[in-house]
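Survey of secondary and tertiary structure
Spelled out, the chains give:
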Amino acid sequence: MESALQEQETTLQEARILGVRVHRVCMAEALGRIEQLIQGSEPSLVITADANAILIALEDAEFRELMETAPLVTADGAGLTWAGRRLRQPFPERVSGVDLVEQLTRLSHEKGYRLYFLGAAPGVAERAAQNLLHKYPDAQIVGVQHGYFQPTDEPALIAQIAAVRPDVLLVGMGMPRQEKWAWQHRHALSVPVMIGVGGSFDVYGGVVKRAPYWVQRIGCEWLWRLLQDPRKIKKVRNLPRFAWQVWQAK
Ligand code: UDP
């Protein structure tokens, strides 16, 4: 079993975007890998990377190391899928944190996986859980906690998460903090799979509206998000720098 698992683990295709590693997987493959990792004996980190993640990795050695070693790094966002095409290492599809949250809730409904939602402003992840439970009533969302806790509350929070034994911890506290936090506390948390999902709880909690499908299809979800939350300009400002570096890298 162990060797079969390892064998499959080596078969995921990788792209190198500005030297940074991202897996070339579709949603079905990503979910398959996550289900394997749930059965694993060590805690694993899953990263949903957008163009900004690549730029962060180029400047932040700790985050770069997580991107290099995570058993699953998916391509989230039009900027990164464009870069994959441009560099002739196309991604089969976008595998976003937002979509993973819903797909994992569906799998939980079907197979009983235990999910924990950590992140977003007080009340938001609860609403997200309630809304998702309407659609997937048998999903096992075994705990919910907002992402604005004090450092002094951390030990109790970690103990509380560990006590309810989730299979998957979804952490929506912004990149790269969510990945670093989860990895730093992996032993105490003792959760098989930890996934950084950024602002996904805001989407399901009704704080932000997801772009219509046609806007996603034409690669403009970033513009939709920017119009809803002008603070996102910080991230959008980085996109030309990313595009320029990819353009030159060819
Ligand atoms: N957030 C949090 N704790 C913090 C700071 C942010 O839980 O201390 C949440 C915030 O409310 C939002 C998410 O983290 O729900 C970040 O969303 P964003 O879309 O900016 O993240 P990204 O996808 O860029 O990582």
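Residues numbered from 1 in each chain as written. Predicted model: local features only at pLDDT ≥ 70, side-chain atom pairs only at ≥ 80, totals over all residues. Heavy atoms only, no water.

1. Re the nonpolar core
- Formed by 40 residues in total, the largest nonpolar core has its most connected members in Ile17, Met67 and Phe242.
- Considering each element in turn, this core owes the most residues, 6 residues, to helix H3 (residues 51-59).
- Leaving out residues up to four positions away in the same chain, phenylalanine 242 has contacts with Ile17, Leu18, Ala51, Ile54, Leu55, Gly79, Leu80 and Ala83.
- Core analysis: the second largest hydrophobic core is formed by 34 residues, Leu104, Ala125, Val168 and Val193 among them. (Core = buried A, V, L, I, M, F, W, Y, C linked by side-chain atoms within 4.5 Å. Buried < 20%, exposed > 50% of the residue type's maximum accessible area, 1.4 Å probe, protein only. Helix = DSSP H or I, 4+ residues; strand = E, 2+ residues; numbered from the N terminus. Contact = heavy atoms within 4.5 Å.)

2. Looking at a nonpolar patch on the surface
- A grouping of Trp222, Leu223 and Leu227 is seen on the molecular surface, where their side chains present a nonpolar patch of about 310 Å² in accessible area.
- Along the chain, tryptophan 222 falls in helix H13 (residues 221-228). (Patch = residues over 30% accessible without salt bridge, like charges linked within 9 Å, V, L, I, M, F, W, Y side chains within 5 Å. Areas by Shrake-Rupley, 256 points an atom, 1.4 Å probe, with all protein chains shown as cover. Salt bridge = Lys/Arg side-chain N within 4 Å of Asp/Glu carboxyl O.)

3. Some thoughts on helix H5 (residues 78-86)
- Residues Leu80, Thr81, Ala83, Gly84 and Arg86 constitute the buried set of H5.
- Those residues of H5 hidden inside the fold are in contact with strand S1 (14-17), strand S2 (20-23), strand S3 (44-49), H3, strand S4 (72-75) and helix H15 (239-249).
- Remark: arginine 88 follows H5 within two positions and exhibits a positive phi of approximately 55°.

4. Remarks on the site of the ligand
- Close to the ligand lie 15 residues, the nearest being Gly147, Arg177, Asp202, Lys232 and Lys235.
- Contact between the ligand and aspartate 202: an oxygen atom at 2.8 Å from a side-chain N or O atom of the residue.
- Within the side chain of lysine 232, a nitrogen or oxygen atom sits 2.6 Å from an oxygen atom of the ligand.
- The protein chains hide 74% of the 560 Å² of surface that the ligand would expose on its own.
- Within the shell around the ligand, the residues separate by chemical class into 5 nonpolar, 6 polar and 4 charged. (Near = heavy atom within 4 Å. Polar contact = N/O pair within 3.5 Å; in protein donor to acceptor, adjacent residues only side chain to side chain. Nonpolar A, V, L, I, M, F, W, Y, C, P; charged D, E, K, R; others polar.)

5. Considering the environment of valine 98
- Looking at the element boundaries, valine 98 is found in helix H6 (residues 97-111).
- Using a relative accessible area of 6% as the deciding quantity, one classes valine 98 as buried.
- As for valine 98 and glutamate 35, which are separated by 63 residues in sequence, their C-alpha atoms are 18 Å apart.
- When near neighbours in sequence (up to four residues on either side) are disregarded, valine 98 contacts Ser200, Val203, Tyr204, Arg210 and Arg225.

6. Considerations on the pattern of salt bridges
- Enumeration according to the criterion identifies 16 salt bridges in this entry.
- In this structure, a network of salt bridges that share partners links the residues Asp76, Arg94, Asp99, Arg210, Glu221 and Arg225.

7. What to know about the sheet that holds strand S6 (residues 140-145)
- In space, the 6 strands of this open sheet follow the order S4-S3-S8-S7-S5-S6, with parallel pairing throughout. Whereas interior strands pair on both sides, the edge strands pair on one side only; in this sheet they are S4 and S6. Going across the sheet, the axis of each strand differs from the next one's by a mean of 20°, ignoring polarity.
- Relative to strand S8 (residues 193-196), S3 runs parallel, the two sharing 3 bridges. By the bridge assignment for S8, leucine 45 is matched with methionine 194.
- Strands S3, strand S5 (114-119), S6, strand S7 (168-172) and S8 of the sheet are contacted by H6, whose axis makes an angle of about 150° with S5. (Pairing = 2+ DSSP bridges. Axes fitted to C-alpha atoms, helices over the stretch in contact; angles between N-to-C directions.)

8. Some thoughts on the packing of H3 against helix H4 (residues 61-69)
- One way to put it is that H3 packs onto H4 with a least axis distance of 6 Å and a crossing angle of 120°. For the element pair H3 / H4, the angle class is oblique. In the crossing of H3 with H4, the sense of the turn from one axis to the other is left-handed. On the side of H3, the interface is formed by Ala53, Ile54, Ile56, Ala57, Leu58 and Glu59, while H4 contributes Ala61, Phe63, Arg64 and Met67. (Parallel < 35°, antiparallel > 145°, perpendicular 65-115°, else oblique. Left-handed = near helix turned anticlockwise from the far one by under 90°.)

9. Quick word on the pairing of S1
- Across the two faces of S1 the burial differs, with Ala15 and Ile17 buried and Glu14 and Arg16 not buried at all.
- As judged from the 4 bridges shared by S1 and S2, these two strands associate in the antiparallel manner. Looking across to S2, one finds that glutamate 14 is bridged to histidine 23.
- From the end of S1 to the start of S2, which pair antiparallel, there are 2 residues, and leucine 18 there has a positive phi angle of about 55°.

By themselves, these observations are geometric and do not establish any function.
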